[in-house]
Each structure stands twice: as structure tokens, then as C-alpha cells.
Amino acid sequence: MAEAIYVGGLLVATPLLDDPNFRRSVVLILEHDRDGGTLGVVLNRPSDISVTQVLPVWDPLVTGPSVLFEGGPVQTDSALALAAVPSGQEPLGWRRLHAGTPAVSRLGTVDLDAPPEILQGEIAQMRIFAGYAGWSSGQLESEIAEGAWYVVDSEVGDTFHADPGSLWRHVLRRQPGELAFVATCPDDPSMN
């Protein structure tokens, strides 16, 4: 299990975190600055809103399910897109995450104001998120110290996981030691 917060890492909600915005969530860290705070998107919350309803021109490039994902409780009326490129190239309209981990080395944000045609054939996978998760300086560190989050390494398939509903368990199950057992924690611990 990783200890430090870093771009490209995952925040996995512990069973103690019962905030409805983050319960059993998996958050990919997109920006982290000790003085400026942290920004990320929840990877495992597909919404009922199809991409064609909101951003129809981007629908052909989106990796299924073709819905908006609830990226977090901040600025839910704005959209943020993540896309993976198949090579080391940096196409127009795409900006690489500043992460040093191989798992997210081909991951970046998409300029949704750019014409989709410039990215057609340039990206391998893409998801669009409504809103994001944000923490002010020191806030996330405090939440981790209180036992709300596990900080773990991401793997290549996490961002575009085929079954987002199972991502929380999937990420925990692959962790070393006792942390893997958390994946078996029932939704309602009082039912145990």
C-alpha cells in the first residue's frame, strides 16, 4: 500500500467513510500540491445520464458504459474527460497527467471544447465525468489520518474498468496483506 498522496494514485474509501458522496468510492488523483490541495475524480460512479444527452459529439469516442460518471461533488455542472493514448504521442486537445507511475503514463485530460475529430484515432479509451472531488491543503491528509481513505497504487485498467460497480472490491482484493480482506466487508457491517 502506498503511503504518500500522488498524481495517478488511488484513494479508496474505507468502510468507515459513510459520506454518501464517497461511500465505497475509488478516486483517481489528478492533481496534488501540498500547498494548493488535491483534485481527483471518482472512477466507479456511472450516472443514468447518457453522453449523447449532454455531449453528443463525444459519444463515439467514449469507452462504455456510454454515460457520464459522477466525478465528485464539486462543480457537478461541469465536465472533465480522461483519455488514454495508445502510444507516447501527445495529440492536440489532450494533456498528459503529470504522474510518474507507469499505470497512468498514457492518461491525460481532454479539452472538451476542442473538435472531437482531432482526437479520433488518437485516443484508445475515454470517459467523461460530471464534477470532481477536491480537498484544500491538508484536508485530505487529515481524512487519511482519521481512517477515511486507503492510498494505493493504480493499475492500467482501473480508470476504464469494464464493471465500475465492482471496482472498489477489485482494487482492494489485489492489495497485499490484511487490506485485501476489506474487499469482503458487507455493504452494511451491522448485518455481519
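Everything numeric in this text was worked out from a predicted model, so none of it was measured. (Residues numbered from 1 in each chain as written. Predicted model: local features only at pLDDT ≥ 70, side-chain atom pairs only at ≥ 80, totals over all residues. Heavy atoms only, no water.)

A.B. asks: Sorry, what's going on with the overall build of the protein here?
C.D. replies: When helices and strands are counted, the protein shows three helices and ten strands. Reading the helices (α) and strands (β) of the protein from amino to carboxyl end gives β-β-β-β-α-β-β-β-β-β-α-β-α. Over its C-alpha atoms the protein spans a radius of gyration of 16 Å, differing by no more than 12% from the 16 Å that the globule rule assigns to 192 residues. Dimensions of the protein along its principal axes, counting C-alpha atoms only, are 50 × 35 × 30 Å. Going through the 192 residues of the protein one by one, you find that 48% of them count as buried. In the protein, the share of contacts with a sequence separation of at least 24, taken over all contacts with a separation of at least 6, comes to 66%. Looking at the protein as shown, the accessible area adds up to about 9600 Å², and 51% of this sits on carbon and sulfur atoms. Taking the average location of the 11 positive side-chain charges in the protein and that of its 25 negative ones, the two points are 6 Å from each other. (Helix = DSSP H or I, 4+ residues; strand = E, 2+ residues; numbered from the N terminus. Rg over C-alpha atoms; globule rule 2.2 N^0.38 Å. Buried < 20%, exposed > 50% of the residue type's maximum accessible area, 1.4 Å probe, protein only. Contact = heavy atoms within 4.5 Å. Areas by Shrake-Rupley, 256 points an atom, 1.4 Å probe, with all protein chains shown as cover. Lys, Arg positive; Asp, Glu negative; His and termini not counted. Charge placed at Lys NZ, Arg CZ, Asp CG, Glu CD.)

A.B. asks: What exactly am I supposed to notice about the pattern of salt bridges here?
C.D. replies: Side chains that differ in charge, positive against negative, can pair when their charged atoms come close. Taken as a whole and assessed by the stated rule, the structure comprises three salt bridges. Notably, a salt bridge pairs R96 with E90, separated by 3.0 Å at the nearest N-O pair. Of the charged contacts in the structure, one is a salt bridge between D158 and R174, with a shortest N-O distance of 2.6 Å. Separated by 16 residues along the polypeptide, D158 in the loop between β10 (149-152) and α3 (167-173) and R174 in the segment after α3 bring together distant segments of the chain. The partly exposed category is assigned to R174, whose relative accessible area is 24%. Residues joined in a network through salt bridges with shared partners are E155, D158 and R174. (Salt bridge = Lys/Arg side-chain N within 4 Å of Asp/Glu carboxyl O.)

A.B. asks: Whenever I open this one, the side chain of T63 confuses me. Can you help?
C.D. replies: Relative to the helices and strands, T63 is located in the loop between α1 (51-54) and β5 (67-70). Ignoring sequence-local partners within four residues, the contact set of T63 consists of A124, Q125, M126, R127 and F160.

A.B. asks: Sorry, what's going on with unusual backbone geometry here?
C.D. replies: Following G64, the chain continues to P65 via a peptide bond in cis, the omega torsion being 0 degrees. As for its position among the elements, P65 is in the loop between α1 and β5. Of note, the phi angle at R24 is positive, near 55 degrees, even though the residue is not glycine. Tracing the backbone shows R24 in the loop between β1 (10-13) and β2 (26-33). Positive phi values are uncommon outside glycine, yet Q75 reaches one of about 45 degrees. Here Q75 is to be found in strand β6 (residues 74-84).

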